[in-house]
Amino acid sequence: MTRPDPTAASASEARLTLFDLPLDVVTLEQTLDRLGGWMFRAPRSPHTVVTLNPEFIVQSRTQPEFVRAMQEADLVTADGVGIVWAARQLHGREVPRAPGYDIVKGLMQRHGSELRVFFLGARPGVAEQAAQNAMRDYGIQVAGVHHGYFDSSEDQRVAELVGASGAHLVLTGMGAGRQEIFNQYWRQVLAAPVLLGCGGVIDVFAGTADLAPAWTRKLGVEFIWRVGLDRKRWNRAPRLAQFMRLVQAEKRRQGRGTQ
Ligand code: UDP
């Protein structure tokens, strides 16, 4: 009997289009299977993974390079409830969530000491702390660490450092857009089989940012917690409102198109 190929999309998985961006209908488990296949089965070619959230959609409206990086990604999951809501509004489809933090934790739990991770991003010192904690808690191997505050003139040097590290998994946490564009542009140099844009996940592993409480994550409303509690994020609330308006406008446009 042949075992199913976990790197292949199963018949139940589909790719939707949200505005002009792809969104894969995959559960967390399917995501972990797919990424595990990419990391541990030949050929170990590089793959980019995006965890889509409403801010990406709003921000990318004025950033064509960000749109392109997401369009070219190998896997695009729904990071949170905002995207699930938008898919329901625009496609009448229930899309499962596969948030960045859950993906990273799931991979570490599944693969433990087999897994070599490069932590790329956050303020100096934070990636080191995250790596130490992940090593202690999950027994992973640390392929390398680098902070995320370097000039774009240093992109190649950093990409080569990652490429030489032999990582299976690169966690790129350098802010929305920057991290996806970096992963996509440098994918061949980064060379690791999974390149994941992970936002603030490195901070969460380091303990410098709190994960939203479990109940908000279960309901998929952790953004309310994050926006509400973190003053730095207050300026983001208008973006969420803008996202909701964008979705409603798109829905009206689609409705007119079918009449
Ligand atoms: N970050 C970084 N370099 C930058 C900007 C941000 O490494 O130039 C890091 C930041 O320290 C944090 C992560 O990227 O660890 C996510 O940052 P933030 O929440 O501000 O960005 P978002 O993903 O919400 O755009």
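Further up the page is the structure itself.
Residues numbered from 1 in each chain as written. Predicted model: local features only at pLDDT ≥ 70, side-chain atom pairs only at ≥ 80, totals over all residues. Heavy atoms only, no water.

Draft legend 1. View of the overall build of the chain. The helix and strand inventory of the chain stands at 13 helices and 8 strands. Of all intrachain contacts in the chain linking residues separated by at least 6 positions in sequence, the fraction that spans at least 24 positions is 76%. With an accessible surface of roughly 12,500 Å², the chain has 52% of that area assigned to carbon and sulfur atoms. (Helix = DSSP H or I, 4+ residues; strand = E, 2+ residues; numbered from the N terminus. Contact = heavy atoms within 4.5 Å. Areas by Shrake-Rupley, 256 points an atom, 1.4 Å probe, with all protein chains shown as cover.)

Draft legend 2. Structural context of the site of the ligand. What surrounds the ligand is a group of 14 residues, the closest being Gly 148, Tyr 149, Ala 176, Asp 203 and Arg 236. Computed on the free molecule, the ligand has an accessible area of 530 Å², of which 74% lies beneath the protein chains in the complex. By residue class, the composition of the shell around the ligand is 4 nonpolar, 6 polar and 4 charged. (Near = heavy atom within 4 Å. Nonpolar A, V, L, I, M, F, W, Y, C, P; charged D, E, K, R; others polar.)

Draft legend 3. Layout of the pairing of strand β8 (residues 194-197). Burial along β8 is two-sided: the residues Val 194 and Leu 196 and Leu 195 and Gly 197 are all buried. Across 3 bridges, the pairing between strand β3 (residues 47-52) and β8 is parallel. Considered in β8, the bridge of His 47 is made with Val 194. Sheet analysis places strand β7 (residues 169-173) next to β8, joined by 4 bridges and oriented parallel. (Buried < 20%, exposed > 50% of the residue type's maximum accessible area, 1.4 Å probe, protein only. Pairing = 2+ DSSP bridges.)

Draft legend 4. How the structure looks around the pairing of β7. Most of β7 sits out of view: 5 of its 5 residues are buried. Residue alternation in β7 divides its side chains into two sets, Leu 169, Leu 171 and Gly 173 and Val 170 and Thr 172, and both sets are buried.

Draft legend 5. Examining the packing of aromatic side chains more closely. Overall, the coordinates contain 6 aromatic pairs when judged by the stated rule. Ring centres of Tyr 185 and Trp 186 lie 5.0 Å apart, and the angle between their planes is 75°; on these two criteria the pair is classed as edge-to-face. Given the relative accessible area of 14%, Trp 186 is considered buried. Site record: aromatic cluster; members linked through ring pairs are Tyr 101, Tyr 138 and Phe 205. (Phe/Tyr/Trp six-rings, centres within 6.5 Å; stacked < 30°, edge-to-face > 60°.)

Draft legend 6. Quick look at the packing of helix α3 (residues 64-71) against helix α8 (residues 178-185). Orientation of α3 relative to α8, taken along the N-to-C sense of each, is 60°, at an axis distance of 9 Å. Accordingly, the angle class assigned to the pair α3 and α8 is oblique. Judged by the sense of rotation from one axis to the other, the crossing of α3 with α8 is left-handed. Touching Glu 65, Phe 66 and Ala 69 of α3 are Glu 180, Ile 181 and Gln 184, all from α8. (Axes fitted to C-alpha atoms, helices over the stretch in contact; angles between N-to-C directions. Parallel < 35°, antiparallel > 145°, perpendicular 65-115°, else oblique. Left-handed = near helix turned anticlockwise from the far one by under 90°.)

Draft legend 7. Structural view of the side chain of Glu 180. Residue position: Glu 180 is located in helix α8. Here Glu 180 occupies a buried position and makes no salt bridge, while the nearest side chain of opposite charge, Arg 178, is found at 9.8 Å. A polar atom in the side chain of Glu 180 sits 3.0 Å from the side chain of Gln 179. Dropping the residues within four chain positions of it, Glu 180 is found in contact with Val 50, Phe 56, Phe 66, Ala 69, Gly 175 and Gly 197. (Lys, Arg positive; Asp, Glu negative; His and termini not counted. Salt bridge = Lys/Arg side-chain N within 4 Å of Asp/Glu carboxyl O. Polar contact = N/O pair within 3.5 Å; in protein donor to acceptor, adjacent residues only side chain to side chain.)

Draft legend 8. Structural context of the nonpolar core. Ranked by size, the top nonpolar core spans 33 residues in total, and within it Met 108, Phe 119, Leu 169, Leu 171 and Ile 202 carry the most contacts. Every element with two or more residues in this core is listed here: α1 (28-40), α5 (100-111), β5 (116-121), α6 (126-138), β7, β8 and α10 (201-206). Setting aside residues no more than four positions away along its own chain, Ile 202 makes contact with Phe 119, Leu 120, Gly 121, Ala 122, Val 126, Ala 127, Ala 130, Leu 171 and Gly 173. Listed in part, the 28 residues of the second largest apolar core include Leu 18, Phe 56, Met 70 and Val 76. (Core = buried A, V, L, I, M, F, W, Y, C linked by side-chain atoms within 4.5 Å.)

Draft legend 9. Looking closely at the packing of α1 against α5. The interhelical angle for the contact between α1 and α5, taken along N-to-C directions, is 60°, at an axis separation of 10 Å. By the angle between their directions, the pair α1 and α5 is classed as oblique. In this structure, the crossing between α1 and α5 has a hand that is right-handed. Contacts between α1 and α5 involve Leu 28, Glu 29, Thr 31, Leu 32, Asp 33, Leu 35, Gly 36, Met 39 and Phe 40 from the former and Asp 102, Ile 103, Gly 106, Leu 107, Arg 110 and His 111 from the latter. In terms of residue class, the contact of α1 with α5 is made up of 7 nonpolar, 4 polar and 4 charged.

Draft legend 10. Expanded view of the pattern of salt bridges. The final tally for this structure, using the stated rule, is 11 salt bridges. Of the charged contacts in the structure, one is a salt bridge between Arg 178 and Asp 155, with a shortest N-O distance of 2.9 Å. You can see Arg 178 sitting in helix α8 and its partner Asp 155 sitting in helix α7 (residues 155-163), a full 23 residues away along the chain. A salt bridge links Arg 253 to Glu 250, with the nearest nitrogen and oxygen atoms 2.9 Å apart. Of this pair, Arg 253 and Glu 250 are both found in helix α13 (residues 237-258), 3 residues apart, which corresponds to roughly one turn of the helix. Using a relative accessible area of 49% as the deciding quantity, one classes Arg 253 as partly exposed.

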